[in-house]
Amino acid sequence: MITIQKSGFRSKSLFADVSLGIFEGLDNAMWCYAFATVIFAGALAHFLPLLVVVLLCGWAFLGIFVALTSEKRVHIVSMDEQAVVILTSIAGLLVVSMGERAATSAGLSTMLAIMSLSSVAVALFFYVIGHFRLTRLLELMPYPVICGFMAGIGWLLLEAGIGIVIDAPVAEFREAIRDPGTISKLLIFIAAATALLAATIRMQRAWALPVASLVLIIVFYAVVLVKGQSMPELVAGGWLFDIPVETGALDLLQEISFSQVDTSFVLSVLPQILTIAFLALLTQSMSLSALMAAGSQDLDTSSEIEDMGAGNLLCAAIASPPGSTDVIQSMLYEEYGASSRWMSLISGGVCVVMAVFGSAIIPWMPKVLVGATVFLFAYQLFHE
């Protein structure tokens with residue numbers, strides 16, 4: 001049974017909760033742009049505005065739900081990066097399987113159905129483990145196996161980042177690198193990723209990544225202004241995404257049809273969907289254990305994981321990938337002064353605002369920023 005918490009809304013510092021909530025929401029939005037670009041690459045890039053809205057709303061709904069139901073006052077959630085990577089591989093398989101149809105409403109409908117099923121599977125796994133209080137069994141998983149999974153996911157994410165740079169699959173890297181422009185572009189992307197990494201490590205503040213990203217955008221368009229390049233030239237050069245400015249999420253939403261879902265393909269990727277659920281279960285169990293060990297508050301991990309499953313049903317309802325506890329962010333924001341549920345609620349509100357007004361930003365979002373963010377995330381996985 002879902003219980004809405006009545007305590008934990010009194011803030012020790014309202015300014016800290018509000019400011020951190022805003023920066024967390026902007027940070028989440030940045031990751032949503034990066035994750036959307038990774039999943040809907042190549043033939044599916046036309047649908048990016050819709051996927052960004054889906055990810056932002058999914059992140060917001062899950063974050064708000066957990067903020068209202070968790071025993072812990074500052075309980076931050078994030079999109080499951082393992083699910084994002086596996087969904088990226090599924091999207092690649094879909095393009096190969098469906099061919100030209102992948103770029104039509106049939107491809108969009110099929111991919112959204114798979115994303116929804118992944119969240120349903122995660123919700124089911126979470127419910128069973130939480131309801132029957134089986135969380136202790138997950139601790140029997142050997143730690144080196146878990147590290148291997150994380151390293152593998154980091155490698156796949158690194159490949160995705162390289163794919164954004166060369167605007168082609170990694171398998172075509174040798175051909176793409178022969179173009180001198182590709183080498184210089186790759187070096188620029190790496191320099192941008194290094195700048196983001198240096199900013200987040202040196203500042204160690206909630207606003208570090210959003211502010212560093214904004215600076216990167218300003219520098220990018222300053223250079224564009226000096227060189228006098230137009231938007232078509234930037235698209236042709238691979239610096240902006242090839243999405244018409246007039247393409248909006250609502251326009252793409254009208255293309256979705258359940259009758260066009262490729263059922264046979266969905267059934268063929270069920271093993272990958274179950275893998276997403278299993279890895280999410282391991283991640284959630286370890287995160288809750290770490291969260292409880294790092295703080296002074298005891299948590300009913302079975303109840304928490306069951307509630308997280310219910311929250312992922314909200315993600316499934318809008319075809320968003322699943323999410324889980326972000327233990328690192330939860331601990332860091334408490335150190336920065338977050339003390340109530342308002343921080344997560346405000347963060348979710350910022351994501352909703354970005355979902356409503358932010359889809360028009362996609363055509364103007366520099367690829368260098370998105371690619372740098374993906375490289376940064378891959379590094380974090382390797383480091384962990």
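That block above? That's the structure.
About the criteria used
Throughout, a residue's number is its position along its own chain's written sequence, starting from 1. Residue-level local features of this predicted model are given only where pLDDT is at least 70; pairs of side-chain atoms are given and counted only at 80 or more, and the full residue set underlies all totals for whole chains, interfaces and linings. For the side-chain quantities, the full set of heavy atoms in the structure was used; hydrogens and water were omitted. Strands are runs of DSSP state E lasting at least 2 residues, helices are runs of H or I lasting at least 4, and numbering of each runs from the N terminus. What makes two residues a contact is simply this: any of their non-hydrogen atoms within 4.5 Å. For accessible areas, the Shrake-Rupley method is used with a probe of radius 1.4 Å. Any residue's cover is judged against the shown protein chains and nothing else. Throughout this description, buried means an accessible area under 20% of the type-specific maximum (1.4 Å probe, protein chains only), exposed means over 50%, and partly exposed covers the range between. Buried residues of nine kinds, namely Ala, Val, Leu, Ile, Met, Phe, Trp, Tyr and Cys, make up a nonpolar core once their side-chain atoms join them within 4.5 Å. For a helix, the expected span equals 1.5 Å multiplied by the number of residues minus one. Here a polar contact means two N or O atoms within 3.5 Å. Within protein one must be a hydrogen donor candidate and the other an acceptor candidate, and residues neighboring in sequence count only if both atoms are side-chain atoms. Between Lys or Arg on one side and Asp or Glu on the other, a salt bridge is scored when a side-chain nitrogen of the former is within 4 Å of a carboxyl oxygen of the latter. Stacked, tilted and edge-to-face pairs are distinguished by plane angle, under 30 degrees for stacked and over 60 for edge-to-face with tilted covering the rest, among Phe, Tyr and Trp rings (Trp via its six-membered ring) whose centres lie within 6.5 Å. Our definition puts a charge over a ring when NZ of Lys or CZ of Arg is within 6 Å of the ring centre and also within 35 degrees of the ring normal. For patch detection, residues must exceed 30% relative accessible area and be free of salt bridges, and they are connected within 9 Å for like charges or within 5 Å for nonpolar side chains (Val, Leu, Ile, Met, Phe, Trp, Tyr). Each axis is a line fitted through C-alpha atoms, and for a helix only the stretch in contact is used; angles between axes span 0 to 180 degrees, taken between their N-to-C directions. Oblique is the label for any angle not under 35 degrees, not over 145, and not in the 65 to 115 range, which are roughly parallel, roughly antiparallel and roughly perpendicular in turn. By the definition used in this description, the sense in which the near helix is turned from the far one sets the handedness, with an anticlockwise turn below a right angle giving left-handed and a clockwise turn giving right-handed.

1. With respect to the overall build of the chain
At step 1: Counting secondary structure elements, the chain contains 17 helices and two strands.
At step 2: Residue pairs in contact within the chain that sit at least 24 positions apart in sequence constitute 85% of those at least 6 positions apart.
At step 3: Of the roughly 17200 Å² that the chain leaves accessible, carbon and sulfur atoms contribute 67%.

2. As for the environment of phenylalanine 377
At step 1: Within the secondary structure, phenylalanine 377 sits in helix H17 (residues 367-383).
At step 2: The exposure class assigned to phenylalanine 377 is buried, which follows from its relative accessible area of 12%.
At step 3: Along the sequence, phenylalanine 377 and leucine 158 sit 219 residues apart, while their C-alpha atoms lie 8.5 Å from each other.
At step 4: Beyond its immediate stretch of four places on either side in the chain, phenylalanine 377 contacts Trp31, Phe35, Glu81 and Leu157.

3. Points about unusual backbone geometry
Negative phi characterises most residues that are not glycine, and trans characterises most peptide bonds.
At step 1: A positive phi angle is found at alanine 319, which is not glycine, with a value near 65 degrees.
At step 2: With respect to the helices and strands, alanine 319 occurs in the loop between helix H14 (301-317) and strand E2 (323-325).
At step 3: The exposure class of alanine 319 is buried, given its relative accessible area of 12%.

4. Quick word on the nonpolar core
A general feature of soluble globular proteins is that nonpolar side chains tend to end up buried together.
At step 1: By size, the foremost hydrophobic cluster in this structure holds 104 residues, and its most contacted members are Phe35, Phe40, Leu56, Leu87, Ile90, Met111 and Ile114.
At step 2: Ranked by residue count, the leading element in this core is helix H2 (residues 48-69), at 13 residues.
At step 3: In this structure leucine 87 touches Ile39, Met111, Ile114, Met115, Ser118, Ile276 and Pro321, once residues within four positions along its chain are discounted.
At step 4: Counting residues in hydrophobic clusters, the runner-up holds six residues, among them Leu20, Val74, Ala338 and Met343.

5. Let's talk about helix H8 (residues 180-203)
At step 1: Across its 24 residues, H8 extends 35 Å between first and last C-alpha, which sits within 8% of the 34 Å expected from 1.5 Å per residue.
At step 2: Thr182, Lys185, Leu186, Phe189, Ala192, Ala193, Leu196, Leu197 and Ala199 are the residues of H8 that are buried.

6. Focus on the side chain of serine 330
At step 1: Its place among the elements puts serine 330 in helix H15 (residues 327-336).
At step 2: Note on serine 330: relative accessible area 0%, which makes it buried.
At step 3: At 2.9 Å, the side chain of serine 330 and the backbone nitrogen of isoleucine 76 are in polar contact.
At step 4: With near-sequence residues (within four places) excluded, serine 330 lies in contact with Val74, His75, Ile76 and Leu291.

7. A closer look at the pattern of salt bridges
At step 1: Counted by the stated rule, this structure contains two salt bridges.
At step 2: The salt bridge involving glutamate 334 is made with lysine 72; its shortest N-O contact spans 3.1 Å. Taken together, the residues span a long stretch of sequence, with glutamate 334 in helix H15 and lysine 72 in the loop between H2 and strand E1 (77-79) at a distance of 262 residues.
At step 3: Given a relative accessible area of 37%, glutamate 334 falls into the partly exposed group.
At step 4: A relative accessible area of 7% means that lysine 72 is categorised as buried.

8. Some details on the side chain of glutamine 5
At step 1: On the secondary structure map, glutamine 5 appears in the segment before helix H1 (14-39).
At step 2: Side-chain polar atoms of glutamine 5 contact the backbone oxygen of threonine 69, separated by 3.2 Å.
At step 3: Ignoring any residue separated from it by four or fewer positions in sequence, one finds glutamine 5 in contact with Leu68, Thr69, Ser70, Glu71 and Arg341.

9. Section: the packing of aromatic side chains
Two measures describe an aromatic ring pair: the distance that separates the ring centres and the angle between the ring planes.
At step 1: For the coordinates displayed, the defined rule picks out five aromatic pairs.
At step 2: When the ring of phenylalanine 9 is compared with that of tryptophan 342, the centres are 5.8 Å apart and the planes differ by 70 degrees; the resulting orientation is edge-to-face. Residue phenylalanine 9 is located in the segment before H1, and its partner tryptophan 342 is located in helix H16 (residues 342-357); the two are separated by 333 residues in the primary sequence.
At step 3: When the centroid spacing of 5.0 Å and the interplanar angle of 90 degrees are considered together, the rings of phenylalanine 220 and tyrosine 221 count as edge-to-face.
At step 4: Tyrosine 221 gets classed as partly exposed once you look at its relative accessible area, which sits at 26%.
At step 5: Directly above the ring of tryptophan 239 sits lysine 185, whose terminal nitrogen or CZ lies 5.4 Å from the centroid.

10. Digging into a nonpolar patch on the surface
At step 1: Nonpolar side chains collect at one region of the surface, where Phe61, Leu314, Val352, Val353, Val356 and Phe357 lie side by side and expose about 530 Å² of accessible area between them.
At step 2: Looking at which element gives the most residues to the nonpolar patch, the answer is H16, with four residues.
At step 3: Among the structural elements, phenylalanine 61 can be located in helix H2.
At step 4: For phenylalanine 61, a relative accessible area of 32% corresponds to the partly exposed category.

11. Some points on the packing of helix H4 (residues 105-131) against H14
At step 1: At a minimum axis separation of 7 Å, H4 and H14 run at an interaxial angle of 160 degrees. The angle between H4 and H14 falls in the class roughly antiparallel. When the axes of H4 and H14 are compared, the crossing they make is left-handed. Residues Ser116, Ser119, Val120, Val122, Ala123, Phe126, Tyr127, Ile129, Gly130 and His131 of H4 pack against Ser302, Ile305, Glu306, Met308, Gly309, Asn312, Leu313, Cys315 and Ala316 of H14.

Honestly, it's all geometry; don't read function into it.
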